[in-house]
Amino acid sequence: MSKPKIQPVPIKIHPRLTSGRFNNLRVGMVLLTQLVFFGVPWLQWNGRQAVHFNLAEHHFLIFGISLWPQDFIYLAALLVVSALGLFLWTTLAGRLWCGYSCPQTVYTQIMIWIERLVQGDHLARRKLDAAPMSAGKFFKKGATQLLMGAFSLWTGLTFVGYFTPIRELATLQVGPWDLFWTLFYAGFTWLLAGVLREKVCLHMCPYARFQGAMFDDHTLIISYDERRGEPRGKQQAKSENAVKGCVDCGICVQVCPTGIDIRNGLQYECIGCAACIDACDQVMDKLKSPRGLIRYTSAQALQGKPAPAKSLHRPRIAVYSCLLAGIIVASTTALALKKPFKVDVLRDRASLVEQSDDGMLQNRYNLRLINTTEQAQRYSVTVEGLPSIRMERPEQVFDVKPAHTETVVVRVQANPEHASRGAHPIHFVIRSLNDDVTVKEKSSFIGE
Ligand code: SF4
Ligand code: SF4
């Protein structure tokens, strides 16, 4: 990646509005991502919130899949898959994530829409910034902040709604901490997307800094075609050539949300939004010259080398893909085979070996029955491991409510003839009477 050239950056960037195919795609992505973000917490599944990360009870519910602390391996796998997916995507497609779906880009875009709605286009906004304070300026700036604040509040409420039942949150039937986090996240959104905007991408985002290491000669980049464009200048418009170069209109700079000039080469400040492509395509359309002076390309193609047909056959693509496929297959298989309940057995160490009325040795255990399903479950408990071992009561059945944990005390008996002094390995056999699934849990029986 070439060293960025220092250019004067205005205090506040007011990008010019563009239109075109990539702008349509960006708007589509904003709508799609926000539809998912704002809509999902309101969805219901089996009469409960479909996606609910209940931190207080260490219980995550995702469309009927119940995850407990023991299952956090799946969440870890999801994080690894997301990270590897981003590495793979960056190697293939450069900063496509930044330009179209990164929350910072999406929310900044929404804040700019609000600003444009109240204050007008980029020229009107610049004029308003430069004008002395007046009633009109105060009203426009105030209305902008009010709308941004309302949107940020809605964002904060939605985000917290993934962790606290959103219907209770929306009607304020929650505690002070939920309200605090709603305001905190709202303030965070307003600060990052409403105030700092592109400065987050330029100075705070670590991804922008290390993604250069993931780029190779075949990675998709947005670039100005210097060989076609130079020497730039007004004379290009009058040239007889069918393929015109850069007329130096500067529109690609005016539309750039980070205020850079793509003609200076690949720069880390470029978030890959493709606004400059749309802008330049429109200029070329007016000049009746082919589009593509600024375009999606690769370093390889820019050097005039033909793109190899097998550009996907690159070592790092193969490594990322294999790792990704391996983790996805392993975790989905494990999730599909996951038992619908779990049992923890704890021998009651406080009580010594007891003797029953009929002369049997007796140990006491605490059984934690964890129902990870969304239905009430019935479990029968038996024991095996010694010739005469048995439960104190032969038919021990326990009911556990949906997504609940029940701790029960059971007594196990064995004939002293078969349980000499010391610990004897035994197994509890717990069977779900609803699903006919059996779990065996190891423990020990202490003899005389
Ligand atoms: S929009 Fe195109 S023609 Fe205009 S300055 Fe940028 S690269 Fe040159
Ligand atoms: S240089 Fe082009 S693609 Fe990069 S941020 Fe600016 S407008 Fe977007």
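Structure's up top.
Predicted, not measured: the structure shown is a model, and the values here were computed from it.

Peer 1: Tell me about the overall build of the protein chain, residues and numbers included.
Peer 2: Secondary structure assignment for the protein chain yields 16 helices and 16 strands. Computed over its C-alpha atoms, the radius of gyration of the protein chain comes to 32 Å, more than 25% above the 22 Å expected for a compact globule of 448 residues. Oriented by its inertia axes, the alpha-carbon framework of the protein chain measures out at about 110 × 60 × 35 Å. In the protein chain, which comprises 448 residues, the proportion classed as buried is 44%. Partitioning the contacts of the protein chain with sequence separation of at least 6, the portion at a separation of at least 24 is 69%. Looking at the protein chain as shown, the accessible area adds up to about 23900 Å², and 64% of this sits on carbon and sulfur atoms. Where the 50 positive side-chain charges of the protein chain centre and where its 36 negative ones centre are 13 Å apart.

Peer 1: Which residues make up the layout of surface pockets, and what values go with them?
Peer 2: Put simply, the largest pocket is a space of about 1500 Å³. Around the largest pocket sit 42 residues that line it, and Phe37, Trp97, Ser101, Pro103 and Phe159 are the ones nearest its centre. Broken down by element, the residue count for the lining of the largest pocket peaks at seven residues, all from helix 2 (residues 72-93). For the lining of the largest pocket, the class distribution of residues is 33 nonpolar, eight polar and one charged.

Peer 1: For a nonpolar patch on the surface, give the residues involved together with the corresponding values.
Peer 2: A cluster of nonpolar side chains, namely Trp177, Phe180, Trp181, Phe184 and Phe188, defines an oily patch on the protein surface of about 590 Å² accessible area. Residue Phe188 is classed as partly exposed on the basis of its relative accessible area, which comes to 41%.

Peer 1: Please give an account of the packing of helix 1 (residues 21-39) against helix 4 (residues 103-119) that cites residues and values.
Peer 2: Where helix 1 contacts helix 4, the axes come no closer than 10 Å and their chain directions differ by 105°. The orientation of helix 1 with respect to helix 4, classified from their angle, is roughly perpendicular. Together, Arg26, Val27, Val30, Thr33, Gln34 and Phe37 of helix 1 and Val106, Tyr107, Gln109, Ile110 and Trp113 of helix 4 make up the contact between the two elements. Here the contact of helix 1 with helix 4 is built from residues that sort into seven nonpolar, three polar and one charged.

The rules behind each value
Residues numbered from 1 in each chain as written. Chains lettered and ligands numbered in written order. Predicted model: local features only at pLDDT ≥ 70, side-chain atom pairs only at ≥ 80, totals over all residues. Heavy atoms only, no water. Helix = DSSP H or I, 4+ residues; strand = E, 2+ residues; numbered from the N terminus. Rg over C-alpha atoms; globule rule 2.2 N^0.38 Å. Buried < 20%, exposed > 50% of the residue type's maximum accessible area, 1.4 Å probe, protein only. Contact = heavy atoms within 4.5 Å. Areas by Shrake-Rupley, 256 points an atom, 1.4 Å probe, with all protein chains shown as cover. Lys, Arg positive; Asp, Glu negative; His and termini not counted. Charge placed at Lys NZ, Arg CZ, Asp CG, Glu CD. 1 Å grid on protein atoms, 1.4 Å probe; cavity = no way out; pocket = protein on both sides within 12 Å on 5 of 7 lines; lining within 4 Å. Points joined across faces, edges and corners; volume = space filled by probe spheres on them. Nonpolar A, V, L, I, M, F, W, Y, C, P; charged D, E, K, R; others polar. Patch = residues over 30% accessible without salt bridge, like charges linked within 9 Å, V, L, I, M, F, W, Y side chains within 5 Å. Salt bridge = Lys/Arg side-chain N within 4 Å of Asp/Glu carboxyl O. Axes fitted to C-alpha atoms, helices over the stretch in contact; angles between N-to-C directions. Parallel < 35°, antiparallel > 145°, perpendicular 65-115°, else oblique.

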